[in-house]
Amino acid sequence: MVRMVSRVEVAIRSEALLGECPRWDPLARRLLWVDIEGRALHIADPARGEDRSIPLWSRVGAASWTTSATTVLVALADRLALLELEDGSIRTLVEVPHAGHMRMNDGACDAAGRFWVGSMALAETAGVAALYRYADGALARVLDGVTLSNGLGWSPDGSRMYYVDSLAFRIDVFDFDVVAGTIANRRPFVTVDRADGTPDGLAVDDEGGVWLALWGGRAVRRYSDDGSLDRVVDVPALNVTACGFGGDDRRSLFITTAAPDGSVFVTDAGVAGPAPHAFQIDGSSTAPSDAEPTSAR
């Protein structure tokens, strides 16, 4: 039986154009999220209703906490960079060799602190994007033939990686080697009916359930680890983009949305989920500070 979760509240009221990538900091009890088209990184304290917006000069597809409490990894349109929260300065880690009009999109860190992030063409051109892995100063192109790289996450034991290429209307799953940081044996995990929305960001809970945001679907769905639909969260927003676990008991599911709604919502998921892994910055070289200011152009 599919259970419905209907009690969804506004955690951070906003007017985000394209909210994405909610990442909880369990130590500081704060939420990291981005507004891609609004070109801003947000640091929120849901308990106090506070939300600090840091303007950027580029679209920002994803962000990650790092092993430094004052530094955030950001996936800007054409590069990965470190943003210093204290003064807003940005230092480039690596430029992404895009072809044409493209940008980076959703990303997350694995248990070893590697950052996995995908790209997309602004026109959503089929097959020209990719999935990348960044670690130890090196950017590796892991998967080609992607159209709109989106949500990814790992099973509780780390042996599987879930991945969404949105316009394939599926969640796929790979075998994952956490030591080597490699993926293999791609196969479909869940197929989404186009009438139900477009698969977007995802999160995996402590029981192995996969939570999927549905763009245009007004919902987040939970699939059991066997791929069966287990739960549906009705969200009072048309375009639901991503979700992530947080809160003191890790049972709060934070949900980002896009215009025309554009706020961050929260619900009790009924199950706990892991805190996001931090990006390992030790040993990563950085270029000199970027010339662009952090204020929007």
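Look a little higher up for the structure.
Note that this is a predicted model, so its numbers are computed, not measured. (Residues numbered from 1 in each chain as written. Predicted model: local features only at pLDDT ≥ 70, side-chain atom pairs only at ≥ 80, totals over all residues. Heavy atoms only, no water.)

### Describing empty space enclosed by the protein
Item 1. This model, assessed by the stated rule, comprises 1 cavity of 30 Å³ or more.
Item 2. Surrounding the largest cavity, Arg23, Asp106, Gly107, Ala108, Gly151, Leu152, Gly201, Leu202, Ala242 and Cys243 form its lining.
Item 3. Considering each element in turn, the lining of the largest cavity owes the most residues, 3 residues, to strand S11 (residues 102-109).
Item 4. Of the residues assigned to the lining of the largest cavity, the class counts are 5 nonpolar, 3 polar and 2 charged. (1 Å grid on protein atoms, 1.4 Å probe; cavity = no way out; pocket = protein on both sides within 12 Å on 5 of 7 lines; lining within 4 Å. Points joined across faces, edges and corners; volume = space filled by probe spheres on them. Helix = DSSP H or I, 4+ residues; strand = E, 2+ residues; numbered from the N terminus. Nonpolar A, V, L, I, M, F, W, Y, C, P; charged D, E, K, R; others polar.)

### Some remarks on the side chain of Asp205
Item 1. Locating Asp205 in the fold gives a position in the loop between strand S19 (198-204) and strand S20 (210-215).
Item 2. With relative accessibility at 1%, the residue Asp205 sits in the buried group.
Item 3. Among the polar contacts made by the side chain of Asp205, one reaches the main-chain amide nitrogen of Gly208 at a distance of 3.0 Å.
Item 4. Setting aside chain neighbours within four positions, we find Asp205 in contact with Pro156, Trp211, Arg222, Phe245, Val271, Ala272, Gly273 and Pro274. (Buried < 20%, exposed > 50% of the residue type's maximum accessible area, 1.4 Å probe, protein only. Polar contact = N/O pair within 3.5 Å; in protein donor to acceptor, adjacent residues only side chain to side chain. Contact = heavy atoms within 4.5 Å.)

### Notes on unusual backbone geometry
Item 1. Here the amide bond leading from Ala259 into Pro260 is cis, since omega sits at 15°, within 30 degrees of zero.
Item 2. Tracing the chain through its elements places Pro260 in the loop between strand S24 (252-257) and strand S25 (264-268).
Item 3. The backbone of Asp136 shows a phi angle near 55°, a positive value even though the residue is not glycine.
Item 4. For Asp136, a relative accessible area of 67% translates into the label exposed.

### With respect to a nonpolar patch on the surface
Item 1. A grouping of Val2, Met4 and Leu229 is seen on the molecular surface, where their side chains present a nonpolar patch of about 240 Å² in accessible area.
Item 2. Turning to its location among the elements, Met4 is positioned in strand S1 (residues 3-5). (Patch = residues over 30% accessible without salt bridge, like charges linked within 9 Å, V, L, I, M, F, W, Y side chains within 5 Å. Areas by Shrake-Rupley, 256 points an atom, 1.4 Å probe, with all protein chains shown as cover. Salt bridge = Lys/Arg side-chain N within 4 Å of Asp/Glu carboxyl O.)

### Thoughts on the layout of surface pockets
Item 1. Its boundaries defined by the atoms lining it, the largest pocket holds a volume of some 480 Å³.
Item 2. Lining of the largest pocket is provided by 28 residues; of these, Trp154, Pro274, Ala275, Pro276 and His277 occupy positions nearest its centre.
Item 3. Secondary structure elements with two or more residues in the lining of the largest pocket: strand S3 (19-25), S11, strand S15 (149-154), S19 and strand S23 (240-246).
Item 4. Split into classes, the residues belonging to the lining of the largest pocket amount to 18 nonpolar, 5 polar and 5 charged.
Item 5. Estimated volume of the second largest pocket: approximately 320 Å³.
Item 6. Around the second largest pocket sit 19 residues that line it, and Leu18, Arg103, Met120, Glu124 and Leu148 are the ones nearest its centre.
Item 7. Going through the elements one at a time, S11 and S19 are the ones with two or more residues in the lining of the second largest pocket.

### Focus: the sheet that holds S11
Item 1. As summarised here, the arrangement of the 4 strands in space is S11-S12-S13-S14, forming an open sheet in which the pairing is antiparallel. Both outer strands of the open sheet, S11 and strand S14 (138-146), are each paired with one neighbouring strand and no more. The average angle at which neighbouring strand axes cross in this sheet is 25°, direction not considered.
Item 2. Where strand S12 (residues 115-121) meets strand S13 (residues 129-135), 4 bridges bridge the pair, whose relative direction is antiparallel. (Pairing = 2+ DSSP bridges. Axes fitted to C-alpha atoms, helices over the stretch in contact; angles between N-to-C directions.)

### Points about the nonpolar core
Item 1. Membership of the largest hydrophobic core comes to 38 residues, with the highest contact counts inside it found for Leu41, Val74, Phe115 and Phe279.
Item 2. Among the elements that take part in this core, strand S8 (residues 71-76) stands out by supplying 5 residues, more than any other.
Item 3. In contact with Phe115, not counting residues within four places along its chain, are Ala62, Ser64, Leu73, Ala75, Leu80, Gly107, Ala108, Cys109, Tyr132, Arg133, Tyr134 and Phe279.
Item 4. With 17 residues, the next largest nonpolar core counts Val5, Val220, Val233 and Cys243 among its residues. (Core = buried A, V, L, I, M, F, W, Y, C linked by side-chain atoms within 4.5 Å.)

### Things to note about the packing of aromatic side chains
Item 1. This structure, assessed with the given rule, holds 8 aromatic pairs.
Item 2. Residues Trp116 and Trp154 carry aromatic rings whose centres are separated by 6.5 Å and whose planes lie at 65° to one another, so their mutual orientation is edge-to-face. Remark: Trp154 occurs in strand S15 and Trp116 occurs in strand S12; sequence separation between them is 38 residues.
Item 3. Residue Trp116 is classed as buried on the basis of its relative accessible area, which comes to 0%.
Item 4. Judged by centre distance (6.0 Å) and plane angle (85°), the ring pair of Trp211 and Phe245 falls under edge-to-face. Placement of Trp211 in strand S20 and of Phe245 in strand S23 is noted, with a sequence separation of 34 residues between them.
Item 5. These aromatic residues form a ring-pair network of at least three members: Trp116, Trp154 and Phe176. (Phe/Tyr/Trp six-rings, centres within 6.5 Å; stacked < 30°, edge-to-face > 60°.)

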